[in-house]
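Structural description and commentary
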Amino acid sequence: MASTQRRVQVLAPEVARKIAAGEVIERPASVVRELLDNAIDAGAASLELQITNGGIDSVRLVDDGWGISPEDLPTCILPHATSKISSAEDLEHVASLGFRGEALASIAAVARLEITSRTPENDTAYRLTVEAGKTKQPQPAAAQPGTTVVVNSLFYCVPARKKFLKNPRAESAAVRATLTERATAFPELQFRFFVDGSLRAFYPPASASERIATLFGGALPANQLHEIRGSGPGFEITTVLAGPEHYRRDRKQIQVFVNRRRIAEFAFVQAVEHAFAPFMPGGRFPIACVFIECEPELVDFNVHPAKKEVRFRTKAEIRRRLVEIIREFLHAYDLSRHDLRAVRRAELATSADDSEASSTNLFAGDDEQGLSAGERVALIHRSRAPIVPDIPPSPAAATGHRRAQASETHPGRPGSETYGAGPPADAEFRYLGQVYGVFLLVEYRGRLFVLDQHAAHERVLYERYRAHRHRQQLLVPIEIEADETQERHLSASQAAWAELGLTLTQMAPGRWRIEAVPAACRDEEQLLSEAVLEAAPHTESLSDRFYTELACKAAVRDGDPLEPEAAVQLISEALRLPQQRCPHGRPLWIEISREELYRRAQRL
Ligand code: ADP
Ligand code: MG
């Protein structure tokens, strides 16, 4: 390659500018991002965005902010010209969206730029135009106070870049996505959006949840969105979320904003997922916008040209708090939503409004097999009934297909209650029968509920295991054979097992023994070794995994016939549960409302 080797030389300023501009301005959506940020930084209350041909031909933003004085107009388009910071120390506490002083200069380098601006104290506006690197001095013009920026013919002077643009529809969609991000973060501002002359979106000033509901375009009404708050040292979190009955099949609606900027920080997205996990079956993802307000000193946005990345000083702390406030909310939500008293109150208030009960699978295709409309989990919560710590034998015992010893009386069982022989004295439900081999039909105060027998039994067992951790020595220890990987996991988790009440001893390489187990798990002898092996790799959530695995294996299965007494017993136990979801997060109860039946029978 020696023949093509050239001398090293410094690039001409206009070439350097075009290269630098490429980092900031990639496509029309980047122009829109920068213009929206500038208008917001200028204190605008109302922003009107117009694009033609996907923004490739023109982007125009009209704002009513504080404007740019005629003296500043020629300066604001120069590289590194900004009014937002003046020293390196200022970088430590930037409160504005912009601060690099690069956007207008970059746009001017790759497109035709026209800025018309009027400050409140001026009667006239002034217009500045830049084309092909030439700036015309500001000329008087007629305009309202505020600023209008027009960017025409993007990349007209950089054909190589222009080639990489997508078709106008795709560019227009990217512009809209950018607008949506800002509209989500700034609900108090008004946005209007025109595409090729026609109005496509109008967002009047609103609260955070109202704005998000508007952005969902009716798919998720504002009364289905909940605003929850929490704080910690130097930060505040507001989360707008929908209950677990609303979900998507991807993570697109888990959005995180820090100081009003959308960031791509997977740790926080994961935190939201983690918080929802006990309330949502796998494969579903929640709908939640997280707004974190941080003292500017705690974050550094100066890492990514488009400010999509951010460095945090207190990431772990924010993460922890985020999980906490979402969990707290979801627990209360599950209870209130399904507390029969609440159901009854709602019934009195609105006799026929079924909208609150419906489940929404947002834009993700419905797979609920006909139950989607009424997938209301009924947590029928009888305030009177305490959670009986020593719950009676599992309904499986009554089906007779499992070990007989399960029907023995258990020590500590409350003597006054009778189990297995019919509903307890205070029962208010009527068991109607089992359908499809897995659902139990229950009439409760004139309402029809469907209980998932496997899910319900899983949760009943899970709670039972958890409540009885005292160690019980096994007469005949359970042998476990472990391969190399399993053995590693068993060794690593040994101490954690001991804490759970399970004594695990290594006999020889590859041979382990369970010598003692938590009392409540005693009956599940044959299932224990499998559950131990499956839970062992998950050291962080060992007990949860173990109880979940064991409950899942021990619970009645789909297709198991249930004797009526066993069914009745399972129903009354399920009614007493504190958590009306199975350990995997699926709801136990589904209510089929009178309205729904009437509607389906076309009686309405
Ligand atoms: P930055 O936003 O990083 O400061 P820009 O190149 O985007 O850099 O803008 C340069 C300067 O122009 C801003 O600091 C601001 O003073 C001024 N400016 C740009 N747009 C507007 C606007 N819409 N209203 C008022 N001032 C603006
Ligand atoms: Mg800017």
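The present account deals with the structure reproduced in this document. Quick caveat: nothing in here was measured; it's all calculated off a predicted structure.

1. Some details on the overall build of the chain
- Counting its secondary structure elements, the chain contains 17 helices and 24 strands.
- Within the chain, counting contacts between residues at least 6 apart in sequence, those at least 24 apart form 68% of the total.
- For the chain, the computed accessible surface area is about 29000 Å², with 51% contributed by carbon and sulfur atoms.

2. Looking at the pattern of salt bridges
- Considering all chains together, one arrives at 33 salt bridges under this definition.
- When the shortest N-O distance is used, the salt bridge between Arg466 and Glu463 registers 3.6 Å. Of this pair, Arg466 and Glu463 both sit in helix H12 (residues 453–467), three residues apart, which is roughly one turn of the helix.
- Residue class for Arg466 comes out partly exposed when judged on its relative accessible area of 39%.
- Given the relative accessible area of 12%, Glu463 is considered buried.
- Here Glu549 and Lys553 are joined by a salt bridge, their closest N and O atoms 3.9 Å apart. Of this pair, Glu549 and Lys553 both sit in helix H15 (residues 542–554), four residues apart, which is roughly one turn of the helix.
- Overall, the relative accessible area of 18% leaves Lys553 in the buried class.

3. Side note on the site of ligand 1
- If you check the shell around ligand 1, you find 19 residues, and the closest are Asn38, Thr82, Ser83, Lys84 and Gly101.
- Within the backbone of Phe99, one N or O atom sits 3.0 Å away from an oxygen atom of ligand 1.
- At a separation of 3.4 Å, a nitrogen atom of ligand 1 approaches a polar side-chain atom of Thr147.
- When ligand 1 sits alone it has 530 Å² of accessible area, and the protein chains cover 93% of it.
- Within the residue set of the shell around ligand 1, elements represented by two or more residues are helix H2 (28–41) and helix H4 (103–110).

4. Things to note about a nonpolar patch on the surface
- Taken together, the side chains of Leu11, Val15 and Ile19 make up a nonpolar region of the molecular surface, amounting to roughly 270 Å² of accessible area.
- Summarising the element assignment, Ile19 is placed in helix H1 (residues 13–24).

5. Here's the deal with the packing of H2 against H4
- At their nearest, the axes of H2 and H4 sit 10 Å apart, and the two run at 145 degrees to each other. The two elements H2 and H4 cross, and the hand of that crossing is left-handed. On the side of H2, the interface is formed by Val31, Glu34, Leu35 and Asn38, while H4 contributes Ala103, Leu104 and Ile107.
- Classifying every residue of the contact of H2 with H4 by side-chain character gives five nonpolar, one polar and one charged.

6. Regarding the packing of H1 against H4
- The N-to-C vectors of H1 and H4 enclose an angle of 115 degrees; their axes lie 8 Å apart at closest approach. Note on packing geometry: the crossing formed by H1 with H4 is left-handed. Across the interface between the two elements, Arg17, Lys18, Ala21 and Val24 from H1 touch Ala105, Ser106, Ala109 and Val110 from H4.
- Partitioning the contact of H1 with H4 into residue classes produces five nonpolar, one polar and two charged.

7. Details of the packing of aromatic side chains
- One pass over the structure, following the stated rule, counts eight aromatic pairs.
- A centroid spacing of 5.1 Å and a plane angle of 25 degrees characterise the contact between Phe257 and Phe291, whose relative ring orientation is stacked. Here Phe257, found in strand E12 (residues 254–258), pairs with Phe291, found in strand E14 (residues 288–294); they are 34 residues apart in sequence, far enough to count as distant. Taken individually, Phe257 and Phe291 each receive the classification buried, so the pair is uniform in this respect.
- Each ring, one from Trp497 and one from Phe546, has its centre 5.0 Å from the other, and the planes form 90 degrees; the classification is edge-to-face. Taken together, the positions of Trp497 in helix H13 (residues 484–500) and Phe546 in helix H15 put the pair 49 residues apart, joining distant regions of the chain.
- We classify Trp497 as buried; its relative accessible area is 0%.
- In textbook terms, an aromatic cluster arises when at least three aromatic residues are bridged by ring pairs, as seen for Tyr462, Tyr465, Trp497, Phe546 and Tyr547.

8. A word on the nonpolar core
- Counting residues in each nonpolar core, the largest one holds 61 residues, and the members touching the most others are Leu35, Leu47, Leu49, Leu113, Val151 and Phe191.
- Looking at this core, the element that brings in the most residues is H2, giving seven residues.
- Counting residues domain by domain, this core receives three or more from each of domain 1 (13–202) and domain 2 (208–336).
- Residues within four places of Leu35 in sequence aside, it is in contact with Val59, Leu61, Leu104, Ile107, Val149 and Val151.

9. Observations concerning the pairing of strand E10 (residues 235–242)
- Burial within E10 is extensive, with seven of its eight residues counted as buried.
- Direction of pairing for strand E9 (residues 225–232) relative to E10: antiparallel, over a ladder of eight bridges. Across the sheet, Gly232 pairs through a bridge with Phe235, a residue of E10.
- Taking the residues that link successive antiparallel strands as the turn, the E9-E10 hairpin has two residues, and the phi of Gly234 there is positive, at about 80 degrees.

Criteria and cut-off values
- Residues numbered from 1 in each chain as written.
- Chains lettered and ligands numbered in written order.
- Predicted model: local features only at pLDDT ≥ 70, side-chain atom pairs only at ≥ 80, totals over all residues.
- Heavy atoms only, no water.
- Helix = DSSP H or I, 4+ residues; strand = E, 2+ residues; numbered from the N terminus.
- Contact = heavy atoms within 4.5 Å.
- Areas by Shrake-Rupley, 256 points an atom, 1.4 Å probe, with all protein chains shown as cover.
- Salt bridge = Lys/Arg side-chain N within 4 Å of Asp/Glu carboxyl O.
- Buried < 20%, exposed > 50% of the residue type's maximum accessible area, 1.4 Å probe, protein only.
- Near = heavy atom within 4 Å.
- Polar contact = N/O pair within 3.5 Å; in protein donor to acceptor, adjacent residues only side chain to side chain.
- Patch = residues over 30% accessible without salt bridge, like charges linked within 9 Å, V, L, I, M, F, W, Y side chains within 5 Å.
- Axes fitted to C-alpha atoms, helices over the stretch in contact; angles between N-to-C directions.
- Left-handed = near helix turned anticlockwise from the far one by under 90°.
- Nonpolar A, V, L, I, M, F, W, Y, C, P; charged D, E, K, R; others polar.
- Phe/Tyr/Trp six-rings, centres within 6.5 Å; stacked < 30°, edge-to-face > 60°.
- Core = buried A, V, L, I, M, F, W, Y, C linked by side-chain atoms within 4.5 Å.
- Domains from an automatic or database assignment.
- Pairing = 2+ DSSP bridges.

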